Amino acid sequence: MQTLRIKPPSSDRDGRSGQDPGRGLSPLLAGAAFVVAGVGAILALSGADSPLRGPFTLFFLLAAPTSAVGAALRGLEPFPRTVVSVAGAIAIDLLIAQGMLAVHRWSVTGGVIAVAVVSALVLLLVLVRRQRRRTARRRA
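Quick caveat, the model's predicted, so the values are computed rather than measured.

Caption draft 1: Summary view of the overall build of the protein chain. On a plain count of helices and strands, the protein chain comes out with four helices and zero strands. The 140 residues of the protein chain split such that 18% are buried. Partitioning the intrachain contacts of the protein chain with sequence separation of at least 6 by distance along the chain shows that 49% fall at a separation of at least 24.

Okay, structure coming up:
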């Protein structure tokens, strides 16, 4: 019978022993998504004739409310949080479109502005709620 020894993790040459090499990828992807969504909003609001206007604007219309709803659902596991955030973003987009059509005020720029405002308000409410929790914890 042979005994196998388990070796401790060796340290890397750059001093990052035991760290996941893909750990820095998530903030990079989030930053890239933020830039693409911002460019989509700018292209939609400026009315530029670009072949990227449609896809980037659609990405903005999905990404802005998804990130806002995802921030509000911080306590969920990652997969259910993603599913609920995307479903919430679609619901927000559809409600805004239905409301604009109901009052006969539909426009692309108005829709983009409305989605941006609703997403910003949801994020603002999340930040206010977190700040109140922090001050309540400090007082206790």
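Caption draft 2: Quick peek at helix H4 (residues 108-139). The terminal C-alpha atoms of H4 lie 47 Å apart, and with 32 residues this matches the ideal 46 Å at 1.5 Å per residue to within 8%. Restricting attention to buried positions, one finds in H4 the residues Gly111, Val112, Val115, Ser119 and Val126. Summarising the contacts, the buried residues of H4 are in contact with helix H1 (25-46), helix H2 (53-72) and helix H3 (78-102). Where H4 begins, one side-chain oxygen reaches toward the backbone nitrogen of glycine 110, 3.0 Å away; that side chain belongs to serine 107.

Caption draft 3: Region of the structure containing the packing of H1 against H4. Put simply, H1 and H4 touch, their axes get as near as 8 Å, and they point 145 degrees apart. Once H1 is placed against H4, the crossing between them reads as left-handed. In this structure, H1 contributes Ala41, Ala44 and Leu45 to the contact, and H4 contributes Thr109, Val112 and Ile113. Each residue belonging to the contact of H1 with H4 can be placed in one class, and the counts come to five nonpolar, one polar and no charged.

Caption draft 4: Fine view of the side chain of serine 119. Mapped onto the elements, serine 119 comes out in helix H4. Separated by 2.8 Å, the side chain of serine 119 and the backbone oxygen of valine 115 make a polar contact. Every residue in contact with serine 119, bar those within four places of it in the chain, is listed here: Ala64, Pro65 and Ala68.

Calculation rules
- Residues numbered from 1 in each chain as written.
- Predicted model: local features only at pLDDT ≥ 70, side-chain atom pairs only at ≥ 80, totals over all residues.
- Heavy atoms only, no water.
- Helix = DSSP H or I, 4+ residues; strand = E, 2+ residues; numbered from the N terminus.
- Buried < 20%, exposed > 50% of the residue type's maximum accessible area, 1.4 Å probe, protein only.
- Contact = heavy atoms within 4.5 Å.
- Expected span 1.5 Å × (residues − 1).
- Polar contact = N/O pair within 3.5 Å; in protein donor to acceptor, adjacent residues only side chain to side chain.
- Axes fitted to C-alpha atoms, helices over the stretch in contact; angles between N-to-C directions.
- Left-handed = near helix turned anticlockwise from the far one by under 90°.
- Nonpolar A, V, L, I, M, F, W, Y, C, P; charged D, E, K, R; others polar.

So far we have only geometry, and geometry alone does not tell us how the molecule works.
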